[in-house]
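Observations on chain architecture
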Amino acid sequence: MSNRSSDGQELQINHQTSPAIVWFRRDLRVHDLPTLTAAAADADSVAAVFVLDSRVARPGPRTDFFLACLAEHDRALGKRLIVVDGDPAVVLPSLVDRLGAGSVHISADFSPYGARRDDRVATALGQTPLVRTGSPYAVAPGRVRKSDGSEYRVFGPFQRAWHEHGWHAPAPTDANTVTWLDPSEVGDRIRLPTPTAEPLALPGENAALVRWRAIMAQSLDEYDTDRDRPDLDRTSRLSAYLKVGCLHPRTLLRDLRGRSDVGASTFRSELCWRDFYADVMYHRPDTAYQDFDERFARLPHDSGPEAQAAFRAWCDGRTGYPIVDAGMRQLAAEGWMHNRVRMIVASFLTKDLHLPWQWGARHFMDHLIDGDLASNQHGWQWVAGSGTDAAPYFRVFNPALQGEKFDPDGDYVRRWVPELRGVSGRGVHRLRNGRPDDYPAPIVDHATERLDALDRYAEIKN
């Protein structure tokens, strides 16, 4: 194995004595991390590295949560995390030279930006290999294919093939799997940045595991039905931990093995949806910002000052539709929104306000601590009708009916819309007896806008 000296000359390095680098990104854990197994097989000592990349570290609640998880990860590593700042394609080759490292190990990143970045880093490393082991998914994108080798575009067949493909058992790793290099050997490492605000969820791998154990013990049996009830708050809330890699889905699937009850089956299905959307974006990276169904590029949207004002009312939770406003206010306060309500507010933006799904997806990514590009963008497209779905035209959510069905006593709305706390029961969803003076009137008429949306879809569906 070869490496470069500081003057660019190649040196022969004994892979048993030269250290390896583990470059952490979306894998902030020490358990079930096959990257550590690969690094331990490659070198006697390992440097734990994190690169602060300003192109992905945008200020906001997701970055605050990530930094808090990173601090917890550093503690799990015995304060041995080496933090450097800059372009990974520049700082990693420099760090390799300084340490005399023989290899750099990562979990594969399949996001459009991450894949391009890793290719640039691999090129910049030259003869030093960038070793990709594992991914953030139960089954890596590109692995599940049809018999003819093509990709799946519909979830049902993908799910059946995903189950047939199966997944690896969790990797038997912990903080002692490798011998960590003392960070003092790197002279110009920087301090780990601190969050600008208190993280909106308990950070770190241990918090994630505690949460998962509580779900297994308390709410998994009723997960199939209760996950749709925002008033009960029985969703797993594991998505943020999965996003930053404090948990790996293999761990969850291992703990669900042997269970065929509807709660466990539904939970597995949700993990499959995560893999499916990652697979779709892997094959169609353009769908991060463009319609999967290209016909929808012709869909007419509202524009101008009135459209901007409607969008701002939606963002601020001031649409006059209680379940929509409750969801948007929960997002602002918690950096999270109940999944059923995400669908309701997305339908309202795209089909009642006739605004592009990209506007809502961007707002979500700016505020969600679990904002995952593939899941977020394709979840929005599923609601908007432009994604991996064959029959979107009749799926226009009625906010009042959705509220009455999934928040039957109105508790969720009253929790997040204090102006309506004086309205009892399910009447909070329709306000037939009048509105408080400080709560706005509906900004649009749902029945009218539903018909308008269907007319617009009819123009492009053929």
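Everything below is about the structure printed above this text.
Residues numbered from 1 in each chain as written. Predicted model: local features only at pLDDT ≥ 70, side-chain atom pairs only at ≥ 80, totals over all residues. Heavy atoms only, no water.

Right, let's talk about the pairing of strand S3 (residues 20-23) for a bit. The side-chain alternation of S3 yields two buried faces, one formed by Ala20 and Val22 and the other by Ile21 and Trp23. As paired strands, S3 and strand S4 (residues 46-52) are joined by four bridges and run parallel to one another. Across the sheet, isoleucine 21 pairs through a bridge with alanine 47, a residue of S4. With three bridges connecting them, S3 and strand S6 (residues 103-106) associate as parallel partners. Bridging across to S6, isoleucine 21 finds its partner in valine 104. (Buried < 20%, exposed > 50% of the residue type's maximum accessible area, 1.4 Å probe, protein only. Helix = DSSP H or I, 4+ residues; strand = E, 2+ residues; numbered from the N terminus. Pairing = 2+ DSSP bridges.)

With that settled, consider unusual backbone geometry. Glycine aside, residues mostly have negative phi, and peptide bonds are mostly found in the trans state. Positive phi outside glycine occurs at aspartate 32, with the angle close to 55°. One can find aspartate 32 in the loop between S3 and helix H1 (34-42). Aspartate 32 gets classed as buried once you look at its relative accessible area, which sits at 3%.

Let us now look at the layout of surface pockets. Put simply, the second largest pocket is a space of about 1,000 Å³. When residues of the lining of the second largest pocket are traced back to their parent elements, those giving at least two are helix H8 (239-244), helix H10 (262-283), helix H13 (339-352) and helix H15 (373-384). Element by element, the count of residues in the lining of the second largest pocket is highest for H10, at eight residues. (1 Å grid on protein atoms, 1.4 Å probe; cavity = no way out; pocket = protein on both sides within 12 Å on 5 of 7 lines; lining within 4 Å. Points joined across faces, edges and corners; volume = space filled by probe spheres on them.)

Another point: the packing of aromatic side chains. One pass over the structure, following the stated rule, counts 21 aromatic pairs. Ring geometry for phenylalanine 110 versus tyrosine 282: centroids 5.6 Å apart, planes at 80°, classification edge-to-face. Here phenylalanine 110, found in the loop between S6 and helix H4 (112-125), pairs with tyrosine 282, found in helix H10; they are 172 residues apart in sequence, far enough to count as distant. On the basis of relative accessible area, phenylalanine 110 is assigned to the partly exposed category, the value being 22%. Assessed through its relative accessible area of 37%, tyrosine 282 is described here as partly exposed. Seen in terms of ring centroids, phenylalanine 364 and tryptophan 380 are 5.1 Å apart; in terms of plane orientation they differ by 75°. Their pairing is edge-to-face. Of this pair, phenylalanine 364 sits in helix H14 (residues 357-367) while tryptophan 380 sits in helix H15, and the two are 16 residues apart along the sequence. (Phe/Tyr/Trp six-rings, centres within 6.5 Å; stacked < 30°, edge-to-face > 60°.)

Looking now at the side chain of arginine 329. Among the structural elements, arginine 329 can be located in helix H12 (residues 322-334). Here glycine 317 takes part through its backbone oxygen, which lies 2.9 Å from a polar atom of the side chain of arginine 329. The contact partners of arginine 329, leaving out residues within four places of it in the chain, are Asp316, Gly317, Arg318, Trp416, Val417, Pro418, Glu419 and Tyr439. (Polar contact = N/O pair within 3.5 Å; in protein donor to acceptor, adjacent residues only side chain to side chain. Contact = heavy atoms within 4.5 Å.)

Contact geometry for H10 and H15: axes closest at 8 Å, N-to-C directions at 90°. Between H10 and H15, the crossing angle belongs to the class labelled roughly perpendicular. Mapping the contact onto sequence places Trp273, Arg274, Tyr277, Ala278, Val280 and Met281 in H10 and Leu373, Ala374, Ser375, Gln377, His378, Gly379 and Trp382 in H15. A per-class count over the contact of H10 with H15 returns eight nonpolar, four polar and one charged. (Axes fitted to C-alpha atoms, helices over the stretch in contact; angles between N-to-C directions. Parallel < 35°, antiparallel > 145°, perpendicular 65-115°, else oblique. Nonpolar A, V, L, I, M, F, W, Y, C, P; charged D, E, K, R; others polar.)

What follows is about the pattern of salt bridges. For the coordinates displayed, the defined rule picks out 28 salt bridges. For arginine 234, the salt bridge goes to aspartate 226, with nearest N and O atoms at 2.9 Å. Aspartate 226 gets classed as buried once you look at its relative accessible area, which sits at 14%. Note that aspartate 233 and arginine 237 form a salt bridge whose closest N and O atoms lie 3.3 Å from each other. (Salt bridge = Lys/Arg side-chain N within 4 Å of Asp/Glu carboxyl O.)

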